[in-house]
Amino acid sequence: DVRQALALAERLCHGVREHDFGTGGRHTVSAGIATLGAGMSQDGLVSLADQALYQAKSAGRDCARTASEP
């Protein structure tokens, strides 16, 4: 379920952002979420997730975005 995947990715982003890695720098995660649709190939799924990742990066990073099947 895309909502559950997005919620998990957002928790991951928050957890990394709030964790003290002891390096003195800031660490973040950007995530692209896609779900497998009927008849979709593995390559198609990866392509959608990649598009969503670039949307997250364009939105300022440190977030998760979902992609929908074309």
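Residues numbered from 1 in each chain as written. Predicted model: local features only at pLDDT ≥ 70, side-chain atom pairs only at ≥ 80, totals over all residues. Heavy atoms only, no water.

J.: Explain the confidence of the model for the chain here, please?
T.: Regions with low pLDDT should not have their predicted coordinates read in detail. Averaged over every residue, the pLDDT of the chain is 92; the share at 70 or more is 97%. Per-residue pLDDT, averaged within each element of the chain, yields its smallest value for helix H1 (residues 2-18) (94) and its largest for strand S1 (residues 31-33) (96). (pLDDT = per-residue confidence, 0-100. Helix = DSSP H or I, 4+ residues; strand = E, 2+ residues; numbered from the N terminus.)

J.: Whenever I open this one, unusual backbone geometry confuses me. Can you help?
T.: A negative phi angle is the norm for most residues apart from glycine, just as the trans form is the norm for most peptide bonds. Of note, the phi angle at Arg61 is positive, near 70°, even though the residue is not glycine. Note on placement: Arg61 falls in the loop between helix H2 (42-58) and strand S2 (64-66). Of note in this structure, Asp62 is not a glycine but carries a positive phi near 55°.

J.: Sorry, what's going on with the pattern of salt bridges here?
T.: Pairing between side chains of opposite charge can happen when the charged atoms of each approach one another. All told, the structure shown has four salt bridges when counted by the stated rule. Taking the shortest distance from any N to any O, the salt bridge between Asp1 and Arg3 comes out at 3.5 Å. For Arg3, a relative accessible area of 65% corresponds to the exposed category. One network of salt bridges, with partners in common, ties together Arg17, Glu18, Arg26 and Asp62. (Salt bridge = Lys/Arg side-chain N within 4 Å of Asp/Glu carboxyl O. Buried < 20%, exposed > 50% of the residue type's maximum accessible area, 1.4 Å probe, protein only.)

J.: Can you help me understand the environment of Cys63 in this one?
T.: Looking at the element boundaries, Cys63 is found in the loop between H2 and S2. Residues Cys63 and His27 lie 36 residues apart in sequence; the distance between their C-alpha atoms is 12 Å.

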